[in-house]
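# Observations on chain architecture
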Amino acid sequence: EPARYQLAALGWGAVAAVALSFVAEGLLFGLPGTNEFVDTAVAAPFIEEFGKGLFLVAVVIFRRSEMHGLLDGIIYGALVGIGFAFVEDILYYLQSLQAGQLGIMFFLRGIMGPFAHPLFTAATGLGIGIALSTRRPTIRILAPILGFLAAVLMHAIWNGSTFWGGEGFLIAYGAIILPLLV
């Protein structure tokens, strides 16, 4: 892929998707009737995957010649996820440094989960790539939706597993996230 599109994907994840997520989550988390679990395991995955997926949609709309199929969708999706994860990790590291828990946070985000966001957004990219690779109208509509929903579901499981304690996190990681990543 051209370097300028790779950098654009990283930049979108690091700046635009983070900013969109920050604003939208700030608004939604303040609504009555929400709680920490709903915010973390339902709203955040949907908002963040939507913000990251907008880059893929923009490439299809404005630079269709750069998105050829499955591999392009996976690559661009993963790059957006890498940009997002980079900035989000720095923010989490700074918060945990203030709380005196940097070692734990580094293990969880830097060792266990550095590929989580790239994996999630690659699922959206895969769905878009499938849609671009077929002439079947039903698949062209359903594949991006299912790819996005898969990204949101994986993200929700990942975030939700933090509420199940260490054992729940390891089960979610070992039984779902790691096999999908492999």
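Above this note sits the structure.
What comes next is a walk through the structure.

Thresholds, definitions, all that
Residues numbered from 1 in each chain as written. Predicted model: local features only at pLDDT ≥ 70, side-chain atom pairs only at ≥ 80, totals over all residues. Heavy atoms only, no water. 1 Å grid on protein atoms, 1.4 Å probe; cavity = no way out; pocket = protein on both sides within 12 Å on 5 of 7 lines; lining within 4 Å. Points joined across faces, edges and corners; volume = space filled by probe spheres on them. Helix = DSSP H or I, 4+ residues; strand = E, 2+ residues; numbered from the N terminus. Nonpolar A, V, L, I, M, F, W, Y, C, P; charged D, E, K, R; others polar. Contact = heavy atoms within 4.5 Å. Bend = angle between axes of the 7 residues up to and from the residue. Buried < 20%, exposed > 50% of the residue type's maximum accessible area, 1.4 Å probe, protein only. Expected span 1.5 Å × (residues − 1). Axes fitted to C-alpha atoms, helices over the stretch in contact; angles between N-to-C directions. Parallel < 35°, antiparallel > 145°, perpendicular 65-115°, else oblique. Left-handed = near helix turned anticlockwise from the far one by under 90°.

What follows is about the layout of surface pockets. In this structure, the largest pocket occupies an estimated 990 Å³ of space. What lines the largest pocket is a set of 36 residues, among which Glu88, Tyr92, Gln95, Arg109 and Asn159 lie closest to the centre. Residue assignment for the lining of the largest pocket shows that the elements contributing at least two residues are helix 1 (3-29), helix 2 (36-62), helix 3 (70-99), helix 4 (102-112), helix 5 (116-132), helix 6 (137-160) and helix 7 (165-181). Class assignment of the residues belonging to the lining of the largest pocket gives a composition of 17 nonpolar, 13 polar and 6 charged.

Positionally, threonine 134 belongs in the loop between helix 5 and helix 6. Beyond its immediate sequence surroundings of up to four residues, threonine 134 is in contact with Ile139 and Arg140.

Attention shifts here to helix 7. An α-helix turns once per 3.6 residues; consequently, residues spaced three or four apart project the same way. Of all the bends in helix 7, the largest measures some 40 degrees and sits at tyrosine 173. Taken residue by residue, helix 7 has Gly168, Phe169, Ala172, Tyr173 and Ile177 as its buried positions. Looking at the buried positions of helix 7, the neighbouring elements they touch are helix 4, helix 5 and helix 6.

The next subject is helix 6. Helix length check: helix 6 (24 residues) gives 35 Å between terminal C-alpha atoms against 34 Å at 1.5 Å per residue, within 8%. Among all positions of helix 6, only Ala143, Gly147, Phe148, Ala151, Val152, Met154, His155, Ala156, Ile157, Trp158, Asn159 and Gly160 are buried. Tucked inside the fold, the buried residues of helix 6 contact helix 2, helix 4, helix 5 and helix 7.

A few words now on the packing of helix 2 against helix 3. Viewed as axis vectors pointing N to C, helix 2 and helix 3 meet at an angle of 135 degrees, and their least axial separation amounts to 9 Å. One way to sum up the angle between helix 2 and helix 3 is to call them oblique. Viewed along their axes, helix 2 and helix 3 form a crossing whose handedness is right-handed. Residues Glu48, Lys52, Phe55 and Leu56 of helix 2 lie in contact with helix 3, whose contacting residues are Gly73, Tyr76, Gly77, Val80, Gly81, Phe84 and Glu88.

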